[in-house]
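What the coordinates show
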Amino acid sequence: MKKLILIVNLLAFSLPCRSQLFDFDKAAWPDSSGVQTSIKKLAQNVLKVEIAETDRFQVELLAGEYAASLKSLQAISSRTENEAALLPYELFAEAQQLKTADGHSFENAYQNVLRNYLSECSDTEAAKITIRLTTYDAVAQFTAEFEDLYKKAPTGQIGIDESVRLLKSAFRFQVFSLTEPLVYREAELDEQRRYLITEDLIISPLDGAELSVITVRKRTSGVLPAILIFTIYAENNNKNQAMIAAAKGYVGVIATSRGKGQSTNAIEPYLHEHKDVNVVIDWISRQPWCDGQVGMYGGSYNGFAQWAALKNGVHPALKTIVPSVSAAPGIDVPMENNIFFNFPYKWIPYVTNNRYLDVQANLDRSHWKDLENNWYQSGAPFARMDSLDGKPNKLFHEWISHPTYDAYWQSMIPYREEFVHITIPILTTTGYYDDGQPGALYYYREHLRYRPEAEHYLVIGPYDHWGAQSASVPNLRGYEIDEVATLNIREELAFEWFDYILKGGSKPQLLIDKVNVQIMGRNQWLHASNLRAIANDSLTFSLSTRKAGNSYLLSVDKDPNPDFIPLAIDFADRSDQANANYYPWPIIRESIDLTDGLIFQTEPFEEDMIMSGSFSGDFHLISNKKDFDYAVTLYELTPDGNYFHLSYHIGRASFAQNRESRKLLKPGEVTHLTFGNTRINSKKIARGSRLVVVINGNKNPYAQINYGTGQDVSLESIRDAGEPLQLDLRNDSCIRIPIFREG
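Residues numbered from 1 in each chain as written. Predicted model: local features only at pLDDT ≥ 70, side-chain atom pairs only at ≥ 80, totals over all residues. Heavy atoms only, no water.

1. A look at the overall build of the chain
- A tally of regular secondary structure across the chain gives 21 helices and 30 strands.
- The C-alpha atoms of the chain give 28 Å as radius of gyration, which agrees with the globular expectation for 743 residues (27 Å, within 12%).
- With the principal axes as the frame, the chain shows a C-alpha extent of 85 × 70 × 60 Å.
- The buried share of the chain, taken over its 743 residues, is 57%. (Helix = DSSP H or I, 4+ residues; strand = E, 2+ residues; numbered from the N terminus. Rg over C-alpha atoms; globule rule 2.2 N^0.38 Å. Buried < 20%, exposed > 50% of the residue type's maximum accessible area, 1.4 Å probe, protein only.)

Below, the structure written as structure tokens:
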């Protein structure tokens, strides 16, 4: 109710007379003093009308009304669940108020305010100060945005909407351009007071590779276990992650992949971690500050690095790992189910252009969007992506030359029987909406497959790729998560686990059993001994030819007569796309495109039930081509008419049986296609809801386009489109939904 009242208030405050004009005596750019005066006068004029509360504190600050701005900030803070997001503005306003009252320069005033704040921070809170108060290299972007808006603004008079937009841009520019250099300086002084921070360059005894390492330990600490993060993401705030471990009573260590940081080697993602991580672990174990125990944690690439370290056995000093949202090369990145995505292409320059990160290239969203769209509209082969980009990309070509899960990918992480030797306790975390869920669950399932007695715990809930490796957010892509789902994995759960394994502490309370799954909409966790046990029943629905409105029926009964449901996709036509809206953003939709593929829906359910696990499919179909890519998306259609995204699967028909071996289809003959590696979810399906399944091919700018010739998909182009793909789906095909029945 509080949030509803706040939204209503914000809407009310957002409705001044849109035709109102304000005097704007615009100084010439780049007269910084004159520009600041012009902005201040404009802010004072705008304060004479009602504006949104979230805009008002910014305008008050620019107008020099510092006390009022602080009061507005405090009012917003009392109603928000993310007070930390307001911290940069509160400190800025306090410094401006101190500057006005005592005649300090802004630099001295902000220095005093920040030092006072830091003096009251715990070690853990202080370790996050640069993360909370800086913008990840966005100051240049804020500066350019403000300059552009200011130059375009009219002289003399300016409207309310344009005024507020300009003032908000000026606010971001002023706050962060003035404070960021001071934050980094003061943070470094505070770090030196609290910690001993060293940087080392390790030389691998295996092949002479250089590995850059940062170590952080409290000045008062003795011999302790060490917590290691091994990452390719070398950046200035790496030491902050190590500080979190040091603040928690460990030695924090950050090591970066060869070629990153101080290392002068070539940067080759994924290729060497199976050797290099253990070199770092061995170095740590021999340091006088280490008690011989090492734990590892981290997400995505950092999660991959932990599994890579276990490929050739477990180093004696490595006692546990906490891999989150772990990338599995060849499994979920840069391809999933043998389909190469486009997004890894832009990741390559981000991590390989220099010894740190090419943030500017990564944030150039318009460039990447244009590249994807140009490639899609041109119909060029996927392999020509770098030609269209005008920048040769050797690693991209290396990846796409391995479209099967072959020895190239298998060499990077544990494979088959290599999981047998992984004897240490492990805690894996992932999320229902984590892009890396297939990778995380690949490691989990393979470990338990080859070592069923392993002490391997799993936590999975309503988190995305970031939340499942750091902290949950109250609202995930439009879905308000249950209270019990609130979780801080990076700073709480992971270190409760480390205390349990490395210091003999209590096991984390959440880990009641080996598998811990949050039931969305029930505000409770489901605890089970294994992944299969999170479902104890299933519902099977046939893909009927009978209509249910604009959709086909997902029927509990099979059609009495064999029949086919047709789907056609013209790859030569780029005026539309086909993807079944499989990517879950937003999670809750008011509608879906009923023309995007085949739509099936059940009758309304007569009682609540819990869907829990991975849905699966068993399709019988006829294709007129040797291969095709497809997507299957599962929704709950709620009684109020919203579509709640539950799960999805994308796949390549020729690899449905085995990702290591391609088996082409025989055009015109019935193909039996099964899939079960869909994304896990657990949610209460309400009485009156329906389940909706959307089936389509893939023809969009986000991944390879499989034209169906049977050749290397990366080399196919629109010239290979030929006649449209025709899929005839037989009505004895079915979808199975995993269910958990209580009692």
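2. Observations concerning the pairing of strand 21 (residues 598-601)
- Here strand 21 shows a buried face lined by Leu598 and Phe600 and a second buried face lined by Ile599 and Gln601.
- Across two bridges, the pairing between strand 18 (residues 551-555) and strand 21 is parallel. If you follow Leu553 over to strand 21, its bridge partner there is Gln601. (Pairing = 2+ DSSP bridges.)

3. Looking at unusual backbone geometry
- Put simply, Trp29 and Pro30 share a cis peptide bond, and its omega is 15 degrees.
- Within the fold, Pro30 resides in the loop between strand 1 (21-24) and helix 2 (32-46).
- Along the chain, Val333 connects to Pro334 via a cis peptide bond; the corresponding omega equals -5 degrees.
- On the secondary structure map, Pro334 appears in the loop between strand 8 (318-324) and strand 9 (335-336).
- The backbone of Asn581 shows a phi angle near 50 degrees, a positive value even though the residue is not glycine.
- As for its placement among the helices and strands, Asn581 is situated in the loop between strand 19 (564-569) and strand 20 (588-589).

4. Brief notes about empty space enclosed by the protein
- By the definition in use, this model includes four cavities of 30 Å³ or more.
- Approximately 100 Å³ is the volume attributed to the largest cavity.
- Looking at the largest cavity, the residues that line it are Ile565, Leu567, Leu598, Phe619, Leu621, Phe628, Tyr630, Leu673, Ile695, Asn696, Leu727 and Leu729.
- Its residues placed into classes, the lining of the largest cavity shows eleven nonpolar, one polar and no charged.
- Lining the second largest cavity we find Pro334, Phe340, Phe341, Asn342, Pro344, Tyr345, Phe382, Phe396, Trp399 and Ile400.
- Elements represented by at least two residues in the lining of the second largest cavity include exactly helix 14 (343-352) and helix 18 (394-400).
- No other element matches the three residues that helix 18 contributes to the lining of the second largest cavity.
- For the lining of the second largest cavity, the per-class residue count stands at nine nonpolar, one polar and no charged. (1 Å grid on protein atoms, 1.4 Å probe; cavity = no way out; pocket = protein on both sides within 12 Å on 5 of 7 lines; lining within 4 Å. Points joined across faces, edges and corners; volume = space filled by probe spheres on them. Nonpolar A, V, L, I, M, F, W, Y, C, P; charged D, E, K, R; others polar.)

5. A short note on the layout of surface pockets
- Computed from the structure, the second largest pocket encloses a volume of approximately 740 Å³.
- Along its surface, the second largest pocket is lined by 30 residues, and Asn337, Tyr442, Ala656, Arg659 and Asn677 are the ones closest to its centre.
- Here the lining of the second largest pocket takes eight residues from helix 20 (residues 437-450), the largest share from any one element.
- Along the lines of polarity and charge, the residues of the lining of the second largest pocket split into eleven nonpolar, eleven polar and eight charged.

6. Considering the packing of aromatic side chains
- According to the stated counting rule, one finds 51 aromatic pairs in the structure shown.
- With centroids separated by 5.8 Å and ring planes inclined at 65 degrees, the aromatic side chains of Tyr442 and Tyr443 adopt a geometry described as edge-to-face.
- Site record: aromatic cluster; members linked through ring pairs are Tyr233, Tyr270, Tyr301, Phe304, Trp347, Tyr350 and Trp399.
- When the ring centre of Phe142 is taken as reference, the NZ or CZ atom of Arg172 above it lies at 5.7 Å.
- The positively charged end of Lys683 is found above the aromatic ring belonging to Phe644, 4.5 Å away from the centroid. (Phe/Tyr/Trp six-rings, centres within 6.5 Å; stacked < 30°, edge-to-face > 60°. Lys NZ or Arg CZ within 6 Å of the ring centre and 35° of its normal.)

7. Considerations on the side chain of Glu210
- Its place among the elements puts Glu210 in strand 4 (residues 210-218).
- Lacking a salt bridge, the buried Glu210 has Arg355 as its closest oppositely charged neighbour, with an N-O distance of 7.4 Å.
- With residues up to four places along the chain from it excluded, the contact list for Glu210 reads Leu201, Ile202, Ile203, Arg258, Gly259, Gln262, Ser263, Thr264 and Asn265. (Lys, Arg positive; Asp, Glu negative; His and termini not counted. Salt bridge = Lys/Arg side-chain N within 4 Å of Asp/Glu carboxyl O. Contact = heavy atoms within 4.5 Å.)

8. Focus: helix 3 (residues 53-62)
- The element helix 3 is largely enclosed, with a buried count of eight among its ten residues.
- The set of residues buried in helix 3 consists of Glu53, Asp55, Phe57, Gln58, Val59, Glu60, Leu61 and Leu62.
- Once helix 3 finishes, Gly64 follows within two positions and takes phi at roughly 85 degrees, a positive value.

9. Description of the packing of helix 4 (residues 66-77) against helix 5 (residues 87-102)
- Direction vectors running N to C along helix 4 and helix 5 enclose 155 degrees, while the axes themselves pass 9 Å from each other. Looking at the two axes, helix 4 sits roughly antiparallel to helix 5. Relative to helix 5, the crossing made by helix 4 is left-handed. In this structure, helix 4 contributes Tyr66, Ala67, Ser69, Leu70, Leu73 and Ser77 to the contact, and helix 5 contributes Tyr89, Glu90, Ala93, Glu94, Gln96, Gln97 and Thr100.
- Tallied by class, the residues present in the contact of helix 4 with helix 5 amount to six nonpolar, five polar and two charged. (Axes fitted to C-alpha atoms, helices over the stretch in contact; angles between N-to-C directions. Parallel < 35°, antiparallel > 145°, perpendicular 65-115°, else oblique. Left-handed = near helix turned anticlockwise from the far one by under 90°.)

10. Looking at helix 16 (residues 365-378)
- With 14 residues, helix 16 should cover 20 Å at 1.5 Å per step; its first-to-last C-alpha distance of 20 Å lies within 8% of that length.
- What helix 16 keeps buried is the set Trp368, Leu371, Trp375 and Tyr376. With its buried residues spanning 125 degrees around the axis, helix 16 presents them on a single face.
- Remark: Gly379 follows helix 16 within two positions and exhibits a positive phi of approximately 75 degrees. (Expected span 1.5 Å × (residues − 1). Arc of directions from axis to C-beta.)

11. As for the pairing of strand 16 (residues 524-528)
- Taken together, the five bridges between strand 15 (residues 515-519) and strand 16 define a ladder with antiparallel strand orientation. If you follow Gln518 over to strand 16, its bridge partner there is Trp525.

12. Here we look at the environment of Tyr270
- For Tyr270, the location among the structural elements is in the loop between strand 6 (251-256) and helix 12 (273-285).
- If near-sequence neighbours (up to four positions away) are discounted, Tyr270 is found in contact with Tyr301, Phe304, Ala327, Pro329, Val333, Trp347, Trp399 and Met412.

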